[in-house]
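A look at the structure
Residue strings, one per chain:
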Amino acid sequence: MNARTGILGAGLLLIERDLRLAFRRPSQVFNPLVFFLVVTTLFPLSLSPLPSQLRDIAPGVLWVAALLSSLLALEALLKSDAEDGTLEQMVLSGQPVVVLVAAKTAAHWLVGGLPLVIISPVAAMSLGVTPAAMWVTAEGLLMGTLTLSFLGSVGAALTIGVRRSSVLLSLLVLPLAMPMLIFGARATDLAIAGEAASGPLYLLGALLVFTATLAPFAAAAAVRIGIE
Amino acid sequence: MLTAENVHLWRGDRHVLKGVGFSLSPGELLHVSGPNGTGKTTLLRVVCGLAQPEEGIVRWRGESITALGSSFFEDIGYIAHDAGLKGDLTARENLSFAARLRCVVTAAEIEAVLAALNVAECADIPARALSAGQRRRVALGRLLLSQAALWILDEPLTNLDTAGAALVLDLIARHVGTGGLALVAAHGELATRGGRTARLELA
Amino acid sequence: MWIWFHKLGSPPHFYRIAGRMTPWFAWIGGILIAAGVVGGLVFAPPDYQQGDGFRILYVHAPSAWMSLFTYIVMALAAAIGLVWRMKVAHAVAASCAPIGAAFTACALVTGAVWGQKMWGTWWVWDARLTSELILLFLYFGYMALRSAYDDQQRADRASAILALVGVVNVPIIHYSVVWWNTLHQAASVSKMARPSIAPEMLVPLILMFFGFNILFGAVLLTRVRGEVLLRERSADWIRAVLSKS
């Protein structure tokens, strides 16, 4: 008998597999990013191109756009694996489902959330956000998108058996994501005004730690229900 | 070593499994048969531990599989209706991932299994481009590499040509012949190659 | 004590006991609410700041409290259903959701009416109303998830996890909304402030709180009995019950 693969090894193996799959379908990675930029453009078009007014709405626009484009990509977290039977095979491998779910969430964020954080200064700049504030926004989005990935993993796991679940998924995840939205937008707001944004950023961090520790357990329970 | 006692399962109002019981020892194959819709897949999934019965108990080596948890999973290999392969990954990548998730496997072992299953030539083709027979064989490779004692196969011969079916039956026979257990659901006949075979007919 | 608990989990037993308890809950709750209404509308003096407009508090405050209480009951029932695999517990959770949503909507509507009377706008984004709105979304999400599944068992268990995730998040959502609200406080300080409480004002309020709670019990038990009938429709004991009545 060969030696059993450890938990960490299993997690890394799964992350590597998901990254490999993501690179074979680059459009799935780019589409949410383009969506983010497009949504950001909608607001100057529908409101006003005046820099002073844009700076007022910039925090809200950036965070809502990031939220919506992250939601778009969430359905793909578990759906494909559930449909071709690989999800149940992973559960049957005997590795803890919590680790499997956490690994998939991490991979999902690396593919979706991290590029969004990297590209956020571009969107921020188009809305007249100052460089210092851009940095704060990126920091906030780093924590926010990661929190959203974990929250989303629970929603995705709960809707495994549901066809065309993207709207339901958004309906479930959005109310839970509102605290993150409040703190993140506030951080950007403070930074634009030139004040210290550490308060909201710490709150975002606390939210991230809370979600990241608890969400995988809820998601794992939901996965087990979903593959019955 | 595998026993099921009085397993009942309802799906909503439908009484799918009505007090199913059986016993399977090493070196034996149990052919679960019955028309479509009689609960063959459901029974297999209950034995896997994926579905929970309302009543009854499944035991592996004397202990309930719910109590055993993940250590039971280490002893089984399951192939569902779909082969459980990712369409965008090649056969080799699929096999490598599935095997490595369970235990440490060398590249040489993977190549050996691919060759033994006659899929070495298509090892670098994405799984969605493979035929049903080739996909089924790659899935079996997963079982071979995992060295699982109990094989649980759901309709392993559907969509296979005669050569493919023969290969699958050969592998099952070899597994059972070396002391393994096999639980196979098939609604038709199963041309087994000797060895001890029992049959469970689900009404 | 555990025996009683597990007996309650048996659908026919629960159906009988709930049927016997419901009239008591309904009458006591109804009387308390009637007393509260009379006390609140007639005997309580008008508030020196808000005049007679504050009286809507007698419906608004209990509704808001019940909307939260119902969610907690729902989450508790969901947890029991998950851990003990009890169908009756899942039926209780399923029945709570529409009731909780109704209480939340009631709180929102009475809040809006109050806002219109006091400050001329039909909606204000103050902390409490916004929290209630998000709670309403949580209820809708729960009911949407339930209806998305055809298989009753999966609907029960998936929505149970959602209820538990929700109940953990409710305090977080509430406090983040309060925090958000204090940041953007315009001229209005504590828009939904309770008026300075005189005893004649307080007693009807307490009566309403208890009355709502107990009436909720009656409504919940009735709904659960209906839910149990629906779920067990093919069981034998149903026929015995229906042939008796």
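Residues numbered from 1 in each chain as written. Chains lettered and ligands numbered in written order. Predicted model: local features only at pLDDT ≥ 70, side-chain atom pairs only at ≥ 80, totals over all residues.

Notes on the overall build of chain C
Scanning chain C from N- to C-terminus turns up 8 helices and 0 strands. When the helices and strands of chain C are placed in sequence order, the string is α-α-α-α-α-α-α-α. Overall, the C-alpha framework of chain C stretches about 60 × 40 × 30 Å when taken along its three principal axes. In chain C, which comprises 245 residues, the proportion classed as buried is 38%. (Helix = DSSP H or I, 4+ residues; strand = E, 2+ residues; numbered from the N terminus. Buried ≥ 20, exposed ≤ 12 C-beta atoms within 10 Å, placed from the backbone.)

A word on the interface of chain B and chain A
Often, the extent of an interface is quoted as the loss of accessible area upon association of its parts. The partner chain A presents 23 residues to the 24 residues of chain B that form the contact. Of all the secondary-structure elements, those providing two or more residues to the side of chain B that touches chain A are helix H3 (70–73) and helix H4 (91–102) of chain B. Residue composition of the side of chain B that touches chain A, grouped by class: 14 nonpolar, 4 polar and 6 charged. (Contact = placed C-beta atoms within 7 Å. Nonpolar A, V, L, I, M, F, W, Y, C, P; charged D, E, K, R; others polar.)

Quick word on helix H3 (residues 51–74) of chain A
Each full turn of the α-helix corresponds to 3.6 residues, which orients residues three or four apart in the same direction. With 24 residues, H3 of chain A should cover 34 Å at 1.5 Å per step; its first-to-last C-alpha distance of 33 Å lies within 8% of that length. Remark: the principal bend of H3 of chain A, roughly 50°, maps to Ile57 of chain A, with a proline, Pro59 of chain A, within the next four residues. (Expected span 1.5 Å × (residues − 1). Bend = angle between axes of the 7 residues up to and from the residue.)

Some points on the nonpolar core
Counting 203 residues, the largest nonpolar core has Ala157, Ala222 and Val223 of chain A, Ile152 and Leu183 of chain B together with Met74 and Ala93 of chain C as the members making the most contacts within it. Per-element accounting of this core gives the leading share, 16 residues, to helix H8 (residues 166–192) of chain A. Excluding residues within four positions of it along the chain, Leu183 of chain B makes contact with Leu24, Leu30, Val32, Leu44, Val47, Leu150 and Ile152 of chain B. (Core = buried A, V, L, I, M, F, W, Y, C linked by C-beta atoms within 7 Å.)

Concerning the sheet that holds strand E5 (residues 63–64) of chain B
Strand pairing in a sheet relies on backbone hydrogen bonds, with the paired strands running either antiparallel or parallel. All names here are of chain B. Spatially, the 4 strands line up as an open sheet ordered E2-E1-E4-E5, and their pairing is antiparallel. Here the strands that pair on one side only, and so sit at the sheet edges, are strand E2 (14–24) and E5. As paired elements, strand E4 (residues 55–60) and E5 share 2 bridges and run antiparallel to each other. Looking across to E5, one finds that Trp60 is bridged to Glu63. (Pairing = 2+ DSSP bridges.)

A word on the confidence of the model for chain C
Residue and element names in this part refer to chain C. With 93% of its residues at a pLDDT of at least 70, chain C reaches an overall mean of 86. Predicted confidence is poor over residues 186–191, with pLDDT under 50, and the contacts of this stretch with residues over four places away or in other chains come to 2 contacts. Reported confidence for the predicted complex is 0.90 by ipTM and 0.90 by pTM. (pLDDT = per-residue confidence, 0-100.)

Regarding the packing of helix H3 (residues 57–84) of chain C against helix H7 (residues 199–231) of chain C
Residue and element names in this part refer to chain C. Running from N to C, H3 and H7 cross one another at 40°; their axes reach a closest spacing of 9 Å. The pairing of H3 with H7 is recorded here as oblique in orientation. Judged by the twist between their axes, the crossing of H3 over H7 is right-handed. Contact residues: Tyr58, Ala61, Pro62, Trp65, Met66 and Thr70 in H3; Pro204, Leu205, Met208, Phe209, Phe212, Asn213 and Phe216 in H7. A breakdown of the residues in the contact of H3 with H7 according to their chemical character gives 11 nonpolar, 2 polar and no charged. (Axes fitted to C-alpha atoms, helices over the stretch in contact; angles between N-to-C directions. Parallel < 35°, antiparallel > 145°, perpendicular 65-115°, else oblique. Left-handed = near helix turned anticlockwise from the far one by under 90°.)

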